[in-house]
Amino acid sequence: LSQSAFGELITEGIGDIRPKTAGDPAAILDGADWIELADTFQSSVKINTKSKVNRQSGGVSFTFDEEEKTTAGRDGRITIPQKIGLRLRPFVGADFMNVDARFIYRVTSDGPTFGIKIDNAREIILAAVAKECDVVSAALGLEPYVGVLP
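Attention here is on the structure that accompanies the text. (Residues numbered from 1 in each chain as written. Predicted model: local features only at pLDDT ≥ 70, side-chain atom pairs only at ≥ 80, totals over all residues. Heavy atoms only, no water.)

1. Details of unusual backbone geometry
Right, on to step 1. Positive phi, normally seen in glycine, also occurs at Asp75, with a value near 60 degrees.
Right, on to step 2. Within the secondary structure, Asp75 sits in the loop between β2 (60-71) and β3 (83-88).
Right, on to step 3. In the Ramachandran plot, Asn120 falls in the positive-phi region, its phi being about 55 degrees despite a non-glycine side chain.
Right, on to step 4. You can see Asn120 is positioned in the loop between β5 (111-118) and α3 (121-140).
Right, on to step 5. The class for Asn120 is exposed, based on a relative accessible area of 52%. (Helix = DSSP H or I, 4+ residues; strand = E, 2+ residues; numbered from the N terminus. Buried < 20%, exposed > 50% of the residue type's maximum accessible area, 1.4 Å probe, protein only.)

2. Considering the sheet that holds β3
Right, on to step 1. Pairing in this open sheet of 3 strands is antiparallel, and the strands run β3-β4-β5 from one edge to the other. Among the strands making up the open sheet, the edge pair consists of β3 and β5. The mean angle between the axes of side-by-side strands here comes to 35 degrees, regardless of whether they run parallel or antiparallel. (Pairing = 2+ DSSP bridges. Axes fitted to C-alpha atoms, helices over the stretch in contact; angles between N-to-C directions.)

3. Let's talk about α3
Residues lying three or four places apart along an α-helix face the same way, a consequence of the helix completing one turn every 3.6 residues.
Right, on to step 1. The end-to-end C-alpha separation of α3 is 29 Å, in line with the 28 Å expected for 20 residues at 1.5 Å each.
Right, on to step 2. Phi for Gly141, located one or two positions after α3, is positive at around 70 degrees. (Expected span 1.5 Å × (residues − 1).)

4. Description of the pairing of β5
Right, on to step 1. Pairing geometry for strand β4 (residues 97-108) and β5, over 8 bridges, is antiparallel. By the bridge assignment for β5, Arg102 is matched with Lys117.
Right, on to step 2. Between β4 and the antiparallel strand that follows it, β5, lie 2 residues.

5. Quick word on the nonpolar core
Right, on to step 1. In this structure, Phe6, Trp34, Leu37, Ile84 and Phe103 are the most contacted members of the largest nonpolar core, which totals 18 residues.
Right, on to step 2. For this core, the secondary-structure elements that each account for two or more residues are α1 (3-12), α2 (31-40), β3 and β4. (Core = buried A, V, L, I, M, F, W, Y, C linked by side-chain atoms within 4.5 Å.)

6. Section: the pattern of salt bridges
Right, on to step 1. One pass over the full model with this rule turns up 9 salt bridges.
Right, on to step 2. Asp95 serves as the salt-bridge partner of Lys131, at 3.0 Å between the closest nitrogen and oxygen. Here the residue Lys131 occupies a position in helix α3, and Asp95 occupies one in the loop between β3 and β4, the gap between them amounting to 36 residues.
Right, on to step 3. Given the relative accessible area of 44%, Lys131 is considered partly exposed.
Right, on to step 4. In this structure, a network of salt bridges that share partners links the residues Lys20, Asp33, Glu36, Arg74 and Arg77. (Salt bridge = Lys/Arg side-chain N within 4 Å of Asp/Glu carboxyl O.)

7. Some details on the packing of aromatic side chains
Right, on to step 1. Applying the stated criterion to the full structure yields 8 aromatic pairs.
Right, on to step 2. Ring plane angle 75 degrees and centroid distance 5.0 Å describe the contact between Trp34 and Phe103, whose orientation is recorded as edge-to-face. Taken together, the positions of Trp34 in helix α2 and Phe103 in strand β4 put the pair 69 residues apart, joining distant regions of the chain.
Right, on to step 3. Using a relative accessible area of 6% as the deciding quantity, one classes Phe103 as buried. (Phe/Tyr/Trp six-rings, centres within 6.5 Å; stacked < 30°, edge-to-face > 60°.)

8. Re the environment of Thr40
Right, on to step 1. Inspection of the secondary structure puts Thr40 in helix α2.
Right, on to step 2. For the pair formed by Thr40 and Ala72, sequence separation is 32 residues and the distance between their alpha carbons is 5.1 Å.
Right, on to step 3. When near neighbours in sequence (up to four residues on either side) are disregarded, Thr40 contacts Gln3, Thr71, Ala72 and Gly73. (Contact = heavy atoms within 4.5 Å.)

This is the structure in structure tokens:
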């Protein structure tokens, strides 16, 4: 997503962001911090290359170093996190679950782009389905069949 689209996504979904919580490695920023990050994200990239040729042996040595400095917030006070803590329903009718996601950004000549990738999405959905099966089983006294019918 572009910087402005990411800001809109965060603003619209601010209720899905877990509050900042000590000891929760994914909830180090609250919703307001994420909005500020989206609005003030800055990055600079410095590239150094070194090339050396040994004319006698034909050996070539090449080094490429890329140094990126990324900041956000007023006066650069927000450290760019690796994770975002979310509180989501895996499907309609399910209970809310704490979900960790990776915060991904790329800096290109067209500007920064942002993304969120949910960790273990398949396992989260399977756990939610299993929980709902337990509820159905307890309520009806039947064991639900989970899977593809033969």
